[in-house]
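Residue strings, one per chain:
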Amino acid sequence: MRLYYDKQGKPQLARTRKTRGESISIAKPKEGKIRYTPGGLLGGEQHAQIFLGGKWQDCYSEQLAYLSAKKRCENPKDTHWKDYGGRGILFKFVSFYQFINHAGLKPSLELSIDRINNDGHYTIGNVRWATVLEQAHNRRPRKSS
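What counts, and where the lines are drawn
Residues numbered from 1 in each chain as written. Predicted model: local features only at pLDDT ≥ 70, side-chain atom pairs only at ≥ 80, totals over all residues. Heavy atoms only, no water. 1 Å grid on protein atoms, 1.4 Å probe; cavity = no way out; pocket = protein on both sides within 12 Å on 5 of 7 lines; lining within 4 Å. Points joined across faces, edges and corners; volume = space filled by probe spheres on them. Helix = DSSP H or I, 4+ residues; strand = E, 2+ residues; numbered from the N terminus. Nonpolar A, V, L, I, M, F, W, Y, C, P; charged D, E, K, R; others polar. Core = buried A, V, L, I, M, F, W, Y, C linked by side-chain atoms within 4.5 Å. Buried < 20%, exposed > 50% of the residue type's maximum accessible area, 1.4 Å probe, protein only. Contact = heavy atoms within 4.5 Å. Expected span 1.5 Å × (residues − 1).

### A look at the layout of surface pockets
By rolling a water-sized probe across the atoms, one finds the places where empty space is left.
Then step 1. The computed volume of the largest pocket comes to approximately 690 Å³.
Then step 2. Along the walls of the largest pocket sit 21 residues, with Y84, R115, N118, Q135 and R139 positioned nearest its centre.
Then step 3. At the level of secondary structure, the elements contributing two or more residues to the lining of the largest pocket comprise α1 (60–74), β8 (112–115) and α3 (132–136).
Then step 4. Looking at the lining of the largest pocket residue by residue, the classes come out as eight nonpolar, five polar and eight charged.

### Topic: the nonpolar core
Then step 1. One finds F96, F99, I113 and Y122 to be the most contacted residues of the largest nonpolar core, which totals 22 residues.
Then step 2. Elements supplying a minimum of two residues to this core: β6 (47–52), α1, α2 (96–103) and β9 (127–130).
Then step 3. The leading source of residues in this core is α1, at five residues.
Then step 4. When near neighbours in sequence (up to four residues on either side) are disregarded, I113 contacts A65, R72, F99, A103, Y122, V127, R128, W129 and Q135.

### Quick word on α1
Quick reminder: α-helices carry 3.6 residues per turn. Residues three or four places apart thus point the same way.
Then step 1. Between its first and last C-alpha atoms α1 spans 21 Å; for 15 residues at 1.5 Å apiece the expected length is 21 Å, and the two agree.
Then step 2. Within α1, the full set of buried residues consists of E62, Q63, A65, Y66, L67, A69, R72 and C73.
Then step 3. Turning to α1, the residues buried within the fold contact β5 (34–37), β6, β7 (55–58), α2, β8 and β9.

Here it is in structure tokens:
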């Protein structure tokens, strides 16, 4: 057993094994823990996995939704920036961990991230996974010419 400190500074015991002189923790991760593995998205970001139901699950699609929404709001060079960041829509999630703990995993691959209040920011309480039809009903009115 080995003592280590978690992110909150609390002492934890972990079983370890030795491999070529290195100590490797084999403690079971906590539900909802996120790890990053090589295999980047959008310019070298690491690939995220979440520990749920006793196993690591890929959350590539959720990570892509997170990074794309962030880019639309923060990067003026993004093709959709004028409809998001250009309108003053802010991306207020401070981390992918915060985003995934609020929005959760996609219940279906046909869903994408949607803001409940279309004039509101990407923030806790204002995002959900929605179908194309649900998103079509949640659009701002078109400008009349």
